[in-house]
Amino acid sequence: MRVGLITADPEHPLLAAATALLTPRHQVVHLGAGEEGHGRDRDVPPPDVCLLKARTPRALALAARLEERGVPVINSSAATARCQDRVEMAELARAAGLPFARTTFVPTLGRLAAAGEPATPLVIKSRHSRRQDLVARADSARHLRQLAADWPEEPVVVQEFTANSGWDRKLWVVDGRLFAALRRSELAPGGRGPTRPLPLDELPAGWAEYALAVGEVFGLEVYGVDLLDAGAGRPVIVDVNAFPGIRGQAGAPEALAALALRAAAREPEAQRQAQA
């Protein structure tokens, strides 16, 4: 089988490890579609299955073209796009009953700063998730004015800051298999810190079920869920990521390689049933 990678970095540890597992029995081809604009998507025949790691407009457009030709893409272009718009993300999650942080859209930070002192500390994020987007905490109107000066035209979403330990719970899912870690939050004093192992049996009750439900709600097979403990094990979901890095998680490359092969094998069977 031919497995395509839509990514700017085929040497990413997760992809490189999955590639090593798939070859030499299967062929893995790099289709590019990264921000650098390289790639050979017009020069090679379509793969049997494609892994969509990049999230740029060019990557999503390439994935959509492959889907139109009947190639299964993990995750689909539509599911990946849903995770890029934090307004749509919050609306979809909350409508499904997931404990997602209450999220408000603001066209520009200038409007928010003009409203005066916030009643509670706020978390400000770019509406559209991308590399080097805005994620900041603002406790005062002065800080909001500073952000507005640095990001004058940036559409943002606003969430009330949830008091927590300063450690994000990072849950990752690959085809229904759960992985977890603790990561020092970028909003904690001192900024983002190390990632630590988190055994699954140390998750509070119900957290694993919420993470698995995210996949069903968003139509994702490989994804990450960022949660905070708001006290007494009460979860607050603050972000959903399509095809995150999942670094250093034993078994993740094996789960990804197996998923790719199963998806490629399912598609011809689905086509045969459709033609019957």
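Residues numbered from 1 in each chain as written. Predicted model: local features only at pLDDT ≥ 70, side-chain atom pairs only at ≥ 80, totals over all residues. Heavy atoms only, no water.

### Describing the environment of L51
Counted only if it meets this: Helix numbering and strand numbering both begin at the N terminus, where a helix is a DSSP run of H or I of at least 4 residues and a strand a DSSP run of E of at least 2. By definition in these notes, contact holds between two residues if any of their heavy atoms fall within 4.5 Å.
The topology assignment puts L51 in strand β3 (residues 49-52). Note: C-alpha distance between L51 and A96 (45 residues apart in sequence) is 27 Å. With residues near it in sequence (within four places) discarded, L51 still touches V3, G4, L5, I6, I74, F243, L256 and A260.

### With respect to the sheet that holds strand β1 (residues 2-6)
Basically, it comes down to this: When DSSP finds at least two bridges between two strands, those strands are taken to pair.
As summarised here, the arrangement of the four strands in space is β2-β1-β3-β4, forming an open sheet in which the pairing is parallel. Two strands bound the open sheet, and with one partner strand each, they are β2 (27-32) and β4 (73-74). Where β1 lies against β2, five bridges are found, and the strand directions are parallel. What sits directly across from L5, in β2, is H30.

### Describing the sheet that holds strand β12 (residues 222-229)
Note on sheets: strands pair through backbone hydrogen bonds, and any given pair is parallel or antiparallel. Note the threshold: Fitted lines through C-alpha atoms give the axes, limited to the stretch in contact for helices. The angle between two N-to-C directions lies from 0 to 180 degrees.
Strand order in this open sheet of five strands is β11-β10-β9-β12-β13, and the pairing throughout is antiparallel. Strand pairing shows two members of the sheet lacking a second neighbour, β11 (195-197) and β13 (235-242), which therefore form its edges. Between one strand axis and the next, the sheet turns through 30 degrees on average, direction left out of account. Bridge count for strand β10 (residues 177-184) against β11 is three bridges, and the pairing is antiparallel. For L182, the partnering residue across the bridge sits in β11 and is R196. The strands touched by helix α7 (residues 207-218) are β9 (167-174), β10, β12 and β13; relative to β12, the strand with the most contacts, the crossing angle is about 135 degrees.

### A short note on the pattern of salt bridges
Put simply, the test is: Within this document, salt bridges are pairs made up of a side-chain nitrogen of Lys or Arg and a carboxyl oxygen of Asp or Glu, the two lying within 4 Å of each other. The buried label goes to any residue with under 20% of its type's maximum accessible area, the exposed label to any with over 50%, and the partly exposed label to all in between, with areas taken from a 1.4 Å probe on protein chains only.
Throughout the structure, instances matching the rule amount to seven salt bridges. D133 is paired through a salt bridge with R86; the nearest N and O atoms lie 3.0 Å apart. Here D133, found in the loop between β6 (122-126) and β7 (135-138), pairs with R86, found in helix α4 (residues 86-95); they are 47 residues apart in sequence, far enough to count as distant. Among the residues examined, D133 registers a relative accessible area of 18% and is labelled buried.

### Focus: the side chain of Q249
As for its placement among the helices and strands, Q249 is situated in the loop between β13 and α8 (252-275). Of the residues examined, Q249 reaches a relative accessible area of 16% and is grouped as buried. When sequence neighbours within four positions are dropped, the list of residues in contact with Q249 reads W172, F179, A180 and A181.

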